[in-house]
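Residue-level listing of the chains:
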Amino acid sequence: MLAGAAATDPQIDSLAVDGGASEPTRYLQTSPEFGMKRLLAAGSGAIYYLGKAFRREQIGRRHNPEFTLLEWYRPGFDEQRLMDEVEALVVGAFDAHCVPPPVVVERVSYREVFQRVLGVDPHTAALETLSPDWGRG
């Protein structure tokens with residue numbers, strides 16, 4: 001869980017653990033992704049991780065700096081098979097722990113979400129339209 005370097009993603013802020021005078025600063029893992037991708041590159045086959053991850057500055061009503069993360073990789077799966085697997089996982093979890101009716105899943109593309117919610121096609125929109133300040137007048 002402790003690494004010698006912070007996350008390489010500039011959007012993710014790592015939690016530093018001060019080692020004191022005798023130990024170097026270490027960083028709590030923000031995700032198991034780096035290690036898992038090394039395993040995949042070495043030929044591990046399908047793998048998963050279910051455990052703790054830590055991210056600084058993600059505190060709020062729905063966020064905590066420490067959280068449980070499920071991450072998995074399935075070499076040879078295309079996006080449709082991965083979506084089938086995620087759907088089965090989510091539906092199975094809801095069916096096992098929630099009051100009926102069963103979960104109904106709607107698959108919507110990235111493009112469709114933008115078009116429905118924002119009225120913008122992200123594949124053809126101008127950069128100014130997609131900027132974070134768009135619509136803030």
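Here the structure is a predicted model, which is why all the values come from computation and not from measurement. (Residues numbered from 1 in each chain as written. Predicted model: local features only at pLDDT ≥ 70, side-chain atom pairs only at ≥ 80, totals over all residues. Heavy atoms only, no water.)

Peer 1: Could you give an account of the overall build of the protein chain, with specific residues and numbers?
Peer 2: Along the protein chain, the regular secondary structure elements total four helices and five strands. Secondary structure elements in the protein chain, listed N-terminal to C-terminal, are β-β-β-α-β-β-α-α-α. On C-alpha atoms alone, the protein chain measures out to a radius of gyration of 20 Å, which is more than a quarter above the 14 Å that the 2.2 N^0.38 rule sets for 137 residues. Taking the principal axes of the C-alpha coordinates as reference, the protein chain spans close to 55 × 45 × 35 Å. The burial tally for the protein chain puts 15% of its 137 residues in the buried class. Taking as baseline every contact in the protein chain between residues at least 6 positions apart, the subset at least 24 positions apart corresponds to 34%. Carbon and sulfur atoms form 56% of the exposed surface of the protein chain, whose accessible area is close to 10600 Å². Charged side chains of the protein chain number 14 positive and 19 negative; the gap between the two group centres comes to 2 Å. (Helix = DSSP H or I, 4+ residues; strand = E, 2+ residues; numbered from the N terminus. Rg over C-alpha atoms; globule rule 2.2 N^0.38 Å. Buried < 20%, exposed > 50% of the residue type's maximum accessible area, 1.4 Å probe, protein only. Contact = heavy atoms within 4.5 Å. Areas by Shrake-Rupley, 256 points an atom, 1.4 Å probe, with all protein chains shown as cover. Lys, Arg positive; Asp, Glu negative; His and termini not counted. Charge placed at Lys NZ, Arg CZ, Asp CG, Glu CD.)

Peer 1: For the environment of Phe67, give the residues involved together with the corresponding values.
Peer 2: Secondary-structure assignment places Phe67 in strand 5 (residues 66-73). Among the residues examined, Phe67 registers a relative accessible area of 22% and is labelled partly exposed. Sequence separation of Phe67 and Glu87 is 20 residues, and the distance between their C-alpha atoms is 22 Å. Among residues more than four places away in sequence, those in contact with Phe67 are Thr30, Gly51, Lys52, Ala53, Phe54 and Arg55.

Peer 1: Can you lay out a nonpolar patch on the surface for me, pointing to particular residues and giving the numbers?
Peer 2: The grouping of Tyr48, Leu50, Leu70, Val86, Leu89, Val90, Phe94, Val103 and Val105 at the surface amounts to a nonpolar patch, some 790 Å² of accessible area in total. Elements supplying a minimum of two residues to the nonpolar patch: strand 4 (47-54) and helix 2 (79-97). Considering every element that reaches the nonpolar patch, the biggest residue donor is helix 2, with four residues. Inspection of the secondary structure assignment puts Leu89 in helix 2. (Patch = residues over 30% accessible without salt bridge, like charges linked within 9 Å, V, L, I, M, F, W, Y side chains within 5 Å. Salt bridge = Lys/Arg side-chain N within 4 Å of Asp/Glu carboxyl O.)

Peer 1: Which residues make up the confidence of the model for the protein chain, and what are the values?
Peer 2: A low pLDDT means the predicted coordinates there should not be read in detail. Confidence along the protein chain averages 87 in pLDDT terms, with 93% of residues attaining 70 or more. Put simply, helix 4 (residues 127-130) is where the protein chain has its lowest mean pLDDT, 84, and strand 4 is where it has its highest, 95. (pLDDT = per-residue confidence, 0-100.)

Peer 1: Before we move on, can you summarise the environment of Leu127 with the specific residues and values?
Peer 2: Residue placement: Leu127 occurs in helix 4. Relative accessible area serves as the criterion here: at 69%, Leu127 is assigned to the exposed category. For the pair Leu127 and Leu40, spaced 87 residues apart in sequence, the C-alpha to C-alpha distance is 35 Å.

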